[in-house]
Amino acid sequence: MAGRRRRERQRRRTGCVAAVMIFAGIGACAAYGIPWAVGQFGGQVRETFHETVENAVNTLQTADTDFPELNITADEVSDHFYYQQLTEEEQTVYRELLQGVNDMEECILIHAGKGDRPERAYEHLLYDCPELFWCVGSSQMTIYDSYTEFCPGYSCTVEEKERRQSEIDAAVSECLSGISSDAGEYDRIRYVYEYLVNTVDYNENAPDNQNIYSALVGRSSVCAGYSRAAQYLLDNMGIECIYVVGTAQGQEAHAWNIVNCNGNYYQMDVTFGDPVFLSSESGESMPDNIIYYDYLCCTDAEIRADHVPTDEVTYPACDMDDLNYYRMNGMYYDSFDPQILLEDMNASIYAGEEMFVCKFSSAEVYEEARDTIVDDLFSRAAQTLGSVYGLDQVRYTYIEDETHNKIMAFWNYQ
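1. Comments concerning the packing of helix α2 (residues 88–102) against helix α3 (residues 118–128)
Two elements in contact, α2 and α3, have axes separated by 9 Å at closest approach and are oriented at 60 degrees. In this view, α2 runs oblique relative to α3, as classed from their interaxial angle. Where α2 crosses over α3, the handedness of that crossing is right-handed. Together, E90, V93, Y94, L97, L98 and V101 of α2 and P118, R120, A121, Y122, H124, L125 and D128 of α3 make up the contact between the two elements. Residue composition of the contact of α2 with α3, grouped by class: 9 nonpolar, 1 polar and 3 charged.

In C-alpha coordinates:
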(Lines give C-alpha, C1' and ligand atoms only; values in the text may rest on other atoms or scores of the structure.)
Protein backbone atom coordinates (compact mmCIF):
# COMPACT_ATOMS: atom_id res chain seq x y z
CA MET A 1 0.00 0.00 0.00
CA ALA A 2 1.14 3.54 -0.73
CA GLY A 3 1.80 6.00 2.07
CA ARG A 4 2.86 5.40 5.62
CA ARG A 5 1.31 2.40 7.30
CA ARG A 6 0.10 2.80 10.86
CA ARG A 7 -1.03 -0.11 12.96
CA GLU A 8 -2.61 0.38 16.34
CA ARG A 9 -3.82 -3.07 17.09
CA GLN A 10 -5.14 -3.94 20.49
CA ARG A 11 -5.33 -7.67 21.00
CA ARG A 12 -6.54 -9.73 23.91
CA ARG A 13 -5.76 -13.43 23.88
CA THR A 14 -8.34 -14.91 26.25
CA GLY A 15 -7.62 -18.63 26.13
CA CYS A 16 -6.60 -19.13 22.54
CA VAL A 17 -8.60 -16.83 20.29
CA ALA A 18 -8.48 -13.17 19.41
CA ALA A 19 -10.39 -11.12 16.88
CA VAL A 20 -9.50 -7.78 15.37
CA MET A 21 -11.45 -5.37 13.20
CA ILE A 22 -9.29 -3.68 10.58
CA PHE A 23 -9.92 -0.38 8.83
CA ALA A 24 -7.44 -0.18 5.98
CA GLY A 25 -7.32 2.98 3.90
CA ILE A 26 -6.21 2.24 0.36
CA GLY A 27 -3.91 5.26 0.39
CA ALA A 28 -2.72 5.53 3.97
CA CYS A 29 -3.55 2.32 5.78
CA ALA A 30 -4.75 2.50 9.38
CA ALA A 31 -5.65 -0.43 11.58
CA TYR A 32 -7.75 -0.47 14.73
CA GLY A 33 -8.30 -3.49 16.98
CA ILE A 34 -11.56 -4.53 18.60
CA PRO A 35 -10.76 -7.71 20.55
CA TRP A 36 -13.15 -10.63 20.87
CA ALA A 37 -12.49 -13.99 22.44
CA VAL A 38 -13.67 -17.32 21.13
CA GLY A 39 -12.63 -20.82 22.16
CA GLN A 40 -11.30 -21.21 25.69
CA PHE A 41 -13.44 -18.63 27.40
CA GLY A 42 -12.37 -18.70 31.01
CA GLY A 43 -15.72 -19.89 32.34
CA GLN A 44 -17.61 -16.61 32.62
CA VAL A 45 -20.94 -18.38 32.03
CA ARG A 46 -22.12 -20.78 34.70
CA GLU A 47 -24.55 -23.39 33.40
CA THR A 48 -27.72 -24.19 35.29
CA PHE A 49 -27.40 -27.85 34.47
CA HIS A 50 -28.53 -30.57 36.78
CA GLU A 51 -30.17 -33.93 37.17
CA THR A 52 -30.28 -34.68 40.90
CA VAL A 53 -32.31 -36.88 43.22
CA GLU A 54 -33.05 -36.08 46.82
CA ASN A 55 -33.06 -39.18 49.04
CA ALA A 56 -35.55 -39.52 51.85
CA VAL A 57 -33.92 -40.10 55.22
CA ASN A 58 -35.97 -43.07 56.34
CA THR A 59 -35.53 -46.67 55.26
CA LEU A 60 -38.66 -48.60 56.25
CA GLN A 61 -39.50 -52.24 56.63
CA THR A 62 -41.16 -53.89 53.67
CA ALA A 63 -44.93 -53.54 53.65
CA ASP A 64 -47.42 -55.44 51.56
CA THR A 65 -47.99 -53.65 48.27
CA ASP A 66 -49.32 -54.36 44.82
CA PHE A 67 -47.12 -53.33 41.89
CA PRO A 68 -48.93 -52.16 38.77
CA GLU A 69 -48.52 -54.25 35.65
CA LEU A 70 -45.44 -53.15 33.68
CA ASN A 71 -46.65 -52.52 30.14
CA ILE A 72 -43.44 -51.06 28.67
CA THR A 73 -41.46 -53.98 27.28
CA ALA A 74 -37.70 -54.30 27.03
CA ASP A 75 -37.97 -54.32 23.22
CA GLU A 76 -39.51 -50.84 23.24
CA VAL A 77 -36.42 -49.29 24.86
CA SER A 78 -33.68 -51.75 23.94
CA ASP A 79 -32.08 -49.29 21.49
CA HIS A 80 -31.78 -46.52 24.11
CA PHE A 81 -28.08 -45.85 24.75
CA TYR A 82 -28.21 -45.27 28.51
CA TYR A 83 -30.67 -48.11 29.06
CA GLN A 84 -28.03 -50.44 27.66
CA GLN A 85 -25.57 -49.29 30.34
CA LEU A 86 -27.77 -50.58 33.19
CA THR A 87 -27.95 -53.96 34.88
CA GLU A 88 -31.00 -56.12 34.22
CA GLU A 89 -32.51 -55.09 37.57
CA GLU A 90 -31.88 -51.40 36.85
CA GLN A 91 -33.44 -51.80 33.41
CA THR A 92 -36.65 -52.97 35.08
CA VAL A 93 -36.59 -49.88 37.32
CA TYR A 94 -35.94 -47.71 34.22
CA ARG A 95 -39.07 -49.09 32.53
CA GLU A 96 -41.15 -48.72 35.69
CA LEU A 97 -40.09 -45.11 36.00
CA LEU A 98 -40.80 -44.44 32.33
CA GLN A 99 -44.30 -45.86 32.65
CA GLY A 100 -44.93 -43.82 35.79
CA VAL A 101 -43.73 -40.46 34.50
CA ASN A 102 -45.59 -40.95 31.21
CA ASP A 103 -48.75 -41.05 33.33
CA MET A 104 -47.41 -38.29 35.60
CA GLU A 105 -47.94 -40.45 38.68
CA GLU A 106 -47.27 -38.64 41.94
CA CYS A 107 -45.38 -41.64 43.36
CA ILE A 108 -44.12 -44.66 41.42
CA LEU A 109 -43.56 -48.08 42.97
CA ILE A 110 -40.28 -49.53 41.71
CA HIS A 111 -38.38 -52.76 42.31
CA ALA A 112 -35.42 -51.15 44.07
CA GLY A 113 -34.83 -51.44 47.80
CA LYS A 114 -32.24 -50.76 50.42
CA GLY A 115 -28.76 -50.50 48.90
CA ASP A 116 -30.00 -49.95 45.34
CA ARG A 117 -29.56 -46.76 43.32
CA PRO A 118 -32.86 -46.03 41.55
CA GLU A 119 -31.71 -42.43 40.97
CA ARG A 120 -29.14 -43.80 38.51
CA ALA A 121 -31.87 -45.44 36.43
CA TYR A 122 -33.89 -42.21 36.54
CA GLU A 123 -30.90 -40.12 35.46
CA HIS A 124 -30.27 -42.50 32.55
CA LEU A 125 -33.95 -42.36 31.62
CA LEU A 126 -33.88 -38.56 31.34
CA TYR A 127 -30.70 -38.68 29.27
CA ASP A 128 -32.32 -41.11 26.85
CA CYS A 129 -35.74 -39.46 26.56
CA PRO A 130 -35.79 -35.74 25.70
CA GLU A 131 -39.54 -36.05 25.17
CA LEU A 132 -40.01 -36.12 28.98
CA PHE A 133 -39.89 -32.34 29.15
CA TRP A 134 -42.21 -32.19 32.16
CA CYS A 135 -39.71 -34.00 34.42
CA VAL A 136 -37.55 -31.47 36.26
CA GLY A 137 -34.86 -34.00 37.20
CA SER A 138 -35.20 -33.99 40.98
CA SER A 139 -37.15 -36.51 43.04
CA GLN A 140 -37.81 -37.74 46.56
CA MET A 141 -37.83 -41.37 47.67
CA THR A 142 -39.16 -43.45 50.49
CA ILE A 143 -37.02 -46.58 50.58
CA TYR A 144 -38.24 -49.93 51.90
CA ASP A 145 -36.20 -53.11 52.20
CA SER A 146 -37.17 -54.44 48.77
CA TYR A 147 -38.92 -51.60 46.96
CA THR A 148 -39.09 -47.80 46.76
CA GLU A 149 -41.78 -45.17 46.44
CA PHE A 150 -40.23 -42.82 43.93
CA CYS A 151 -41.83 -39.36 43.65
CA PRO A 152 -40.58 -37.34 40.63
CA GLY A 153 -40.78 -33.59 40.35
CA TYR A 154 -42.85 -32.20 37.48
CA SER A 155 -42.66 -28.75 35.96
CA CYS A 156 -46.32 -28.51 34.94
CA THR A 157 -49.77 -30.00 35.33
CA VAL A 158 -51.28 -32.64 33.05
CA GLU A 159 -53.25 -29.95 31.21
CA GLU A 160 -50.17 -27.76 30.77
CA LYS A 161 -48.21 -30.77 29.57
CA GLU A 162 -50.76 -31.43 26.82
CA ARG A 163 -50.73 -27.79 25.74
CA ARG A 164 -46.94 -27.66 25.68
CA GLN A 165 -46.76 -30.91 23.72
CA SER A 166 -49.00 -29.36 21.05
CA GLU A 167 -46.66 -26.37 20.86
CA ILE A 168 -43.64 -28.67 20.60
CA ASP A 169 -45.33 -30.68 17.84
CA ALA A 170 -45.98 -27.48 15.90
CA ALA A 171 -42.34 -26.39 16.32
CA VAL A 172 -41.08 -29.76 15.12
CA SER A 173 -43.37 -29.64 12.08
CA GLU A 174 -42.06 -26.17 11.26
CA CYS A 175 -38.49 -27.41 11.54
CA LEU A 176 -39.02 -30.53 9.44
CA SER A 177 -40.78 -28.55 6.71
CA GLY A 178 -37.45 -26.95 5.87
CA ILE A 179 -35.69 -30.11 4.70
CA SER A 180 -36.54 -32.70 2.07
CA SER A 181 -37.62 -36.13 3.27
CA ASP A 182 -35.07 -37.52 0.79
CA ALA A 183 -32.13 -35.74 2.46
CA GLY A 184 -29.22 -37.95 3.48
CA GLU A 185 -28.19 -38.50 7.07
CA TYR A 186 -25.37 -35.95 7.06
CA ASP A 187 -27.64 -33.31 5.49
CA ARG A 188 -30.25 -33.94 8.19
CA ILE A 189 -27.68 -33.66 10.97
CA ARG A 190 -26.22 -30.47 9.54
CA TYR A 191 -29.71 -29.04 9.04
CA VAL A 192 -30.65 -29.58 12.71
CA TYR A 193 -27.32 -28.10 13.83
CA GLU A 194 -27.86 -24.97 11.73
CA TYR A 195 -31.56 -24.74 12.60
CA LEU A 196 -30.93 -24.65 16.34
CA VAL A 197 -28.01 -22.22 16.05
CA ASN A 198 -30.17 -19.89 13.94
CA THR A 199 -33.38 -20.10 16.00
CA VAL A 200 -32.26 -20.47 19.63
CA ASP A 201 -30.51 -17.82 21.74
CA TYR A 202 -28.22 -18.79 24.58
CA ASN A 203 -29.70 -17.46 27.83
CA GLU A 204 -28.80 -18.90 31.21
CA ASN A 205 -31.95 -17.32 32.69
CA ALA A 206 -34.36 -18.86 30.17
CA PRO A 207 -37.39 -20.62 31.70
CA ASP A 208 -37.43 -24.43 31.43
CA ASN A 209 -33.85 -24.29 30.17
CA GLN A 210 -33.16 -27.94 30.98
CA ASN A 211 -35.67 -29.29 28.45
CA ILE A 212 -36.76 -29.17 24.82
CA TYR A 213 -39.63 -26.75 25.44
CA SER A 214 -37.21 -23.89 26.10
CA ALA A 215 -35.31 -24.44 22.83
CA LEU A 216 -38.08 -25.47 20.44
CA VAL A 217 -40.86 -23.19 21.66
CA GLY A 218 -39.23 -20.52 23.83
CA ARG A 219 -36.22 -20.28 21.46
CA SER A 220 -33.99 -19.50 24.44
CA SER A 221 -32.02 -22.04 26.46
CA VAL A 222 -28.69 -23.39 27.76
CA CYS A 223 -26.65 -26.43 26.79
CA ALA A 224 -29.17 -28.96 28.15
CA GLY A 225 -31.98 -27.42 26.09
CA TYR A 226 -29.88 -27.19 22.91
CA SER A 227 -28.65 -30.78 23.23
CA ARG A 228 -32.01 -32.29 24.11
CA ALA A 229 -33.64 -30.40 21.24
CA ALA A 230 -31.03 -31.77 18.83
CA GLN A 231 -31.65 -35.27 20.21
CA TYR A 232 -35.43 -34.88 19.88
CA LEU A 233 -35.35 -33.49 16.33
CA LEU A 234 -32.88 -36.08 15.06
CA ASP A 235 -34.88 -38.87 16.71
CA ASN A 236 -37.85 -37.59 14.70
CA MET A 237 -35.70 -37.78 11.56
CA GLY A 238 -34.58 -41.33 12.25
CA ILE A 239 -31.03 -40.41 13.30
CA GLU A 240 -29.46 -41.89 16.43
CA CYS A 241 -28.39 -39.07 18.71
CA ILE A 242 -26.88 -39.58 22.17
CA TYR A 243 -27.05 -36.98 24.94
CA VAL A 244 -23.52 -36.59 26.32
CA VAL A 245 -22.66 -35.18 29.75
CA GLY A 246 -19.35 -33.88 31.04
CA THR A 247 -17.56 -30.58 31.47
CA ALA A 248 -16.33 -27.91 29.06
CA GLN A 249 -13.69 -25.26 29.64
CA GLY A 250 -13.88 -25.22 33.41
CA GLN A 251 -17.68 -25.19 33.66
CA GLU A 252 -19.14 -27.38 36.36
CA ALA A 253 -21.28 -29.26 33.85
CA HIS A 254 -21.98 -29.26 30.14
CA ALA A 255 -24.05 -31.31 27.73
CA TRP A 256 -23.63 -32.04 24.03
CA ASN A 257 -24.32 -34.91 21.60
CA ILE A 258 -22.88 -37.84 19.71
CA VAL A 259 -24.61 -38.62 16.41
CA ASN A 260 -24.62 -41.72 14.23
CA CYS A 261 -24.16 -40.88 10.55
CA ASN A 262 -24.13 -43.75 8.08
CA GLY A 263 -22.87 -46.18 10.70
CA ASN A 264 -20.09 -44.00 12.16
CA TYR A 265 -20.24 -41.91 15.34
CA TYR A 266 -19.34 -38.22 15.50
CA GLN A 267 -19.22 -35.58 18.24
CA MET A 268 -21.56 -32.57 17.97
CA ASP A 269 -22.06 -29.55 20.22
CA VAL A 270 -24.79 -27.22 18.98
CA THR A 271 -24.30 -24.82 21.90
CA PHE A 272 -20.68 -24.18 20.96
CA GLY A 273 -21.74 -23.67 17.36
CA ASP A 274 -23.84 -20.67 18.37
CA PRO A 275 -22.10 -17.25 18.33
CA VAL A 276 -24.62 -16.01 20.90
CA PHE A 277 -23.17 -18.52 23.38
CA LEU A 278 -19.62 -17.51 22.49
CA SER A 279 -20.54 -13.85 23.02
CA SER A 280 -21.91 -14.73 26.46
CA GLU A 281 -18.66 -16.49 27.30
CA SER A 282 -16.33 -13.74 26.10
CA GLY A 283 -18.40 -10.75 27.20
CA GLU A 284 -17.84 -9.15 23.80
CA SER A 285 -20.07 -8.64 20.76
CA MET A 286 -19.57 -11.07 17.90
CA PRO A 287 -21.06 -11.39 14.42
CA ASP A 288 -24.46 -12.99 14.90
CA ASN A 289 -24.82 -14.35 11.36
CA ILE A 290 -22.07 -16.95 11.53
CA ILE A 291 -21.97 -20.56 12.65
CA TYR A 292 -18.98 -22.34 14.17
CA TYR A 293 -18.77 -25.68 12.38
CA ASP A 294 -15.84 -26.98 14.41
CA TYR A 295 -18.36 -28.83 16.58
CA LEU A 296 -20.37 -30.42 13.76
CA CYS A 297 -19.57 -34.11 13.16
CA CYS A 298 -16.08 -33.87 14.64
CA THR A 299 -13.76 -36.41 16.23
CA ASP A 300 -13.05 -37.22 19.87
CA ALA A 301 -9.64 -35.55 19.52
CA GLU A 302 -11.21 -32.31 18.30
CA ILE A 303 -13.99 -32.10 20.89
CA ARG A 304 -11.62 -32.93 23.73
CA ALA A 305 -9.61 -29.80 23.06
CA ASP A 306 -12.21 -28.09 25.26
CA HIS A 307 -14.66 -30.81 26.37
CA VAL A 308 -14.27 -33.67 28.86
CA PRO A 309 -17.01 -36.35 28.89
CA THR A 310 -17.97 -38.09 32.10
CA ASP A 311 -16.03 -41.25 32.88
CA GLU A 312 -19.11 -42.96 34.32
CA VAL A 313 -20.23 -44.05 30.84
CA THR A 314 -18.26 -45.41 27.89
CA TYR A 315 -19.40 -43.48 24.83
CA PRO A 316 -18.94 -44.72 21.25
CA ALA A 317 -15.57 -43.87 19.72
CA CYS A 318 -15.67 -40.94 17.29
CA ASP A 319 -12.50 -41.27 15.22
CA MET A 320 -13.66 -40.58 11.65
CA ASP A 321 -12.66 -37.22 10.13
CA ASP A 322 -14.46 -37.64 6.81
CA LEU A 323 -17.27 -35.20 7.70
CA ASN A 324 -15.04 -32.28 8.69
CA TYR A 325 -17.07 -29.30 7.46
CA TYR A 326 -14.05 -27.23 6.47
CA ARG A 327 -12.43 -30.04 4.52
CA MET A 328 -15.70 -30.79 2.73
CA ASN A 329 -16.10 -27.13 1.73
CA GLY A 330 -12.57 -26.30 0.56
CA MET A 331 -11.50 -24.39 3.69
CA TYR A 332 -8.98 -26.93 4.99
CA TYR A 333 -5.22 -26.68 4.46
CA ASP A 334 -2.80 -29.54 5.11
CA SER A 335 0.18 -27.25 4.46
CA PHE A 336 0.92 -23.54 4.21
CA ASP A 337 1.37 -22.00 0.75
CA PRO A 338 1.01 -18.18 0.89
CA GLN A 339 0.21 -17.90 -2.81
CA ILE A 340 -2.60 -20.44 -2.63
CA LEU A 341 -4.07 -18.74 0.45
CA LEU A 342 -3.94 -15.31 -1.18
CA GLU A 343 -5.58 -16.65 -4.32
CA ASP A 344 -8.35 -18.20 -2.20
CA MET A 345 -8.83 -14.93 -0.28
CA ASN A 346 -9.06 -12.97 -3.52
CA ALA A 347 -11.48 -15.53 -4.97
CA SER A 348 -13.78 -15.08 -1.99
CA ILE A 349 -13.67 -11.29 -2.52
CA TYR A 350 -14.38 -11.56 -6.27
CA ALA A 351 -17.35 -13.80 -5.41
CA GLY A 352 -18.66 -11.23 -2.90
CA GLU A 353 -18.52 -13.70 -0.03
CA GLU A 354 -18.92 -12.21 3.42
CA MET A 355 -16.47 -14.57 5.08
CA PHE A 356 -13.19 -16.34 4.35
CA VAL A 357 -12.07 -19.23 6.54
CA CYS A 358 -8.81 -21.15 6.60
CA LYS A 359 -8.51 -24.12 8.96
CA PHE A 360 -5.17 -25.88 9.22
CA SER A 361 -4.47 -29.54 9.79
CA SER A 362 -2.30 -29.02 12.88
CA ALA A 363 -1.05 -26.49 15.39
CA GLU A 364 2.33 -26.52 13.66
CA VAL A 365 0.89 -25.54 10.27
CA TYR A 366 -1.29 -22.91 11.94
CA GLU A 367 1.69 -21.35 13.70
CA GLU A 368 3.68 -21.34 10.47
CA ALA A 369 0.86 -19.54 8.64
CA ARG A 370 -0.54 -17.21 11.28
CA ASP A 371 1.88 -14.25 11.19
CA THR A 372 2.08 -14.15 7.39
CA ILE A 373 -1.70 -14.19 7.09
CA VAL A 374 -2.29 -11.45 9.65
CA ASP A 375 0.67 -9.21 8.79
CA ASP A 376 0.82 -9.63 5.01
CA LEU A 377 -1.88 -11.60 3.22
CA PHE A 378 -4.83 -9.76 4.76
CA SER A 379 -3.33 -6.41 3.70
CA ARG A 380 -2.80 -7.65 0.15
CA ALA A 381 -6.33 -9.03 0.01
CA ALA A 382 -7.57 -5.66 1.29
CA GLN A 383 -6.01 -4.03 -1.77
CA THR A 384 -8.04 -6.40 -3.94
CA LEU A 385 -11.17 -5.59 -1.96
CA GLY A 386 -10.69 -1.84 -2.41
CA SER A 387 -9.70 -2.08 -6.05
CA VAL A 388 -12.51 -4.39 -7.18
CA TYR A 389 -15.27 -2.53 -5.35
CA GLY A 390 -13.94 1.02 -5.64
CA LEU A 391 -13.56 1.61 -1.90
CA ASP A 392 -11.60 4.52 -0.48
CA GLN A 393 -11.33 2.75 2.84
CA VAL A 394 -11.30 -1.00 3.34
CA ARG A 395 -12.69 -2.63 6.48
CA TYR A 396 -12.45 -6.24 7.50
CA THR A 397 -12.55 -8.25 10.71
CA TYR A 398 -10.57 -11.36 11.54
CA ILE A 399 -10.84 -13.90 14.31
CA GLU A 400 -8.00 -16.16 15.38
CA ASP A 401 -8.96 -19.50 16.88
CA GLU A 402 -5.87 -21.33 18.10
CA THR A 403 -7.89 -24.10 19.70
CA HIS A 404 -9.10 -25.20 16.28
CA ASN A 405 -6.13 -23.96 14.19
CA LYS A 406 -8.38 -21.59 12.29
CA ILE A 407 -8.55 -17.96 11.14
CA MET A 408 -11.72 -16.29 9.89
CA ALA A 409 -11.92 -13.02 7.96
CA PHE A 410 -15.06 -10.97 7.35
CA TRP A 411 -14.97 -8.61 4.37
CA ASN A 412 -16.90 -5.34 4.46
CA TYR A 413 -18.03 -4.25 0.99
CA GLN A 414 -19.38 -0.85 2.02
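That was the structure; now back to the text.
2. Notes on a negative patch on the surface
Taken together, the side chains of D79, E131, D235 and E240 present a region of like negative charge at the surface. Within the element layout of this structure, D235 appears in helix α7 (residues 223–236).

3. Concerning helix α12 (residues 338–350)
Here α12 spans 18 Å end to end across 13 residues, near enough to the 18 Å set by a 1.5 Å rise per residue. Looking only at α12, the buried set comprises L341, L342, M345, N346, S348 and I349. Within α12, the buried residues cover an arc of 155 degrees as seen down the axis, which keeps them to one side. Among the structural elements, β14 (332–333), β15 (355–360), α13 (363–389) and β17 (406–412) are those in contact with the buried residues of α12. Taking the backbone nitrogen of Q339 as reference, a side-chain oxygen 3.0 Å away marks D337 as the first, capping residue of α12.

4. Re unusual backbone geometry
Notably, M104 is not glycine yet its phi reads approximately 50 degrees, a positive angle. Its place among the elements puts M104 in the loop between α2 and β5 (108–110). In this structure M104 comes out as buried when scored by relative accessible area, which is 13%. Positive phi is not limited to glycine here, since N262 has a value of about 55 degrees. Summarising the element assignment, N262 is placed in the loop between β11 (254–261) and β12 (264–268).

5. A few points about the state of the cysteines
Scanning all chains against the criterion turns up 1 disulfide. Here C107 engages in a disulfide with C151; their sulfurs sit 2.0 Å apart. A torsion of 85 degrees about the S-S bond marks the disulfide between C107 and C151 as right-handed. Placement of the pair is C107 in the loop between α2 and β5 and C151 in strand β7 (residues 148–154), with a sequence separation of 44 residues. Cysteine C129 is unpaired, with the sulfur of C135 as its nearest cysteine sulfur at 9.3 Å. Free cysteine C261: the closest other cysteine sulfur is in C297, separated by 5.7 Å. Residue class for C261 comes out buried when judged on its relative accessible area of 2%.

6. Details of the confidence of the model for the protein chain
Averaged over all residues, the pLDDT of the protein chain equals 85, while 81% of them reach at least 70. Here residues 1–59 is modelled with pLDDT under 50, and outside its nearest four sequence neighbours on either side it reaches 196 contacts, counting other chains as well.

7. A look at the sheet that holds β11
Read from one edge to the other, the open sheet built from 4 strands follows the order β12-β11-β10-β13, with strand pairing classed as antiparallel. Of all the strands in the sheet, just β12 and β13 (307–309) have a single pairing partner and so form its edges. Taking each pair of neighbouring strands and ignoring which way they run, the sheet shows an average axis angle of 45 degrees. Sheet topology places strand β10 (residues 241–248) next to β11; 6 bridges connect them, and they run antiparallel. Across the sheet, the residue bridging to V245 is A255, located in β11. Those strands touched by helix α5 (residues 185–199) are β11 and β12, and its axis lies near 160 degrees from that of β11. In this fold α7 packs onto β10, β11 and β12, with an angle of close to 20 degrees to the strand it touches most, β11.

8. A closer look at the packing of α5 against α7
The relative placement of two packed helices comes down to the angle between their axes together with the axis-to-axis distance. Contact pair α5 / α7: the axes reach a minimum separation of 10 Å and the direction vectors enclose 145 degrees. Note that α5 runs across α7; the crossing there is right-handed. Residues R188, I189, V192, Y195 and L196 of α5 form the contact with α7, whose own contacting residues are Y226, A229, A230, L233 and L234. By residue class, the composition of the contact of α5 with α7 is 9 nonpolar, no polar and 1 charged.

9. Observations concerning the pattern of salt bridges
This model, assessed by the stated rule, comprises 13 salt bridges. A network of salt bridges, in which partner residues are shared, links D294, K359, D401 and K406.

10. Examining the pairing of β12
When β11 meets β12, the two strands line up antiparallel, connected through 5 bridges. Residue pairing in the sheet places N260 in a bridge with Y265 of β12. Once β11 ends, the chain turns through 2 residues before running back antiparallel as β12, passing N262 with a positive phi of about 55 degrees.

Cut-offs applied
- As a convention, each chain's residues are numbered from 1 in the sequence order in which they are written.
- Residue-level local features of this predicted model are given only where pLDDT is at least 70; pairs of side-chain atoms are given and counted only at 80 or more, and the full residue set underlies all totals for whole chains, interfaces and linings.
- Where side-chain values are given, they derive from all heavy atoms of the structure, hydrogens and water being excluded.
- Angles here are taken between N-to-C directions and fall from 0 to 180 degrees, while the axes themselves are lines fitted to C-alpha atoms, restricted in helices to the stretch in contact.
- Strands here mean DSSP runs of E at least two residues long; helices mean DSSP runs of H or I at least four residues long; both are numbered from the N terminus.
- Any angle between 65 and 115 degrees counts as roughly perpendicular, while under 35 counts as roughly parallel, over 145 as roughly antiparallel, and the rest as oblique.
- Handedness of a crossing follows from how the near helix is turned relative to the far one, being left-handed for an anticlockwise turn of less than a right angle and right-handed for a clockwise one.
- A contact between two residues is defined here by any heavy atoms of the two lying within 4.5 Å.
- Amino acids are sorted into nonpolar (Ala, Val, Leu, Ile, Met, Phe, Trp, Tyr, Cys and Pro), charged (Asp, Glu, Lys and Arg) and polar (every other residue, Gly among them).
- A patch consists of residues exposed above 30% relative accessible area that lack any salt bridge, with like charges linked at up to 9 Å and nonpolar side chains (Val, Leu, Ile, Met, Phe, Trp, Tyr) linked at up to 5 Å.
- What sets the accessible areas is the Shrake-Rupley method with a 1.4 Å probe; for residues, cover comes only from the shown protein chains.
- For this document, the term salt bridge refers to a Lys or Arg side-chain nitrogen within 4 Å of an Asp or Glu carboxyl oxygen.
- All tallies of charge rest on Lys and Arg as positive and Asp and Glu as negative; His and the ends of each chain are not included.
- To locate a charge, take atom NZ for lysine, CZ for arginine, CG for aspartate or CD for glutamate.
- An expected span of 1.5 Å times one less than the residue number is assigned to each helix.
- Only protein chains enter the area calculation, which uses a 1.4 Å probe; residues under 20% of their type maximum are buried, those over 50% are exposed, and those in between are partly exposed.
- Read the arc as the range of directions from the helix axis to the C-beta atoms.
- For this analysis, a polar contact is any N or O atom pair within 3.5 Å, provided that within protein one partner can donate a hydrogen and the other can accept it, and provided that sequence-adjacent residues contribute only side-chain to side-chain pairs.
- Disulfides are defined in this document as cysteine sulfur pairs within 2.5 Å.
- Along the chain, pLDDT gives the predictor's confidence residue by residue, from 0 to 100.
- Two strands qualify as a pair provided DSSP detects at least 2 bridges between them.

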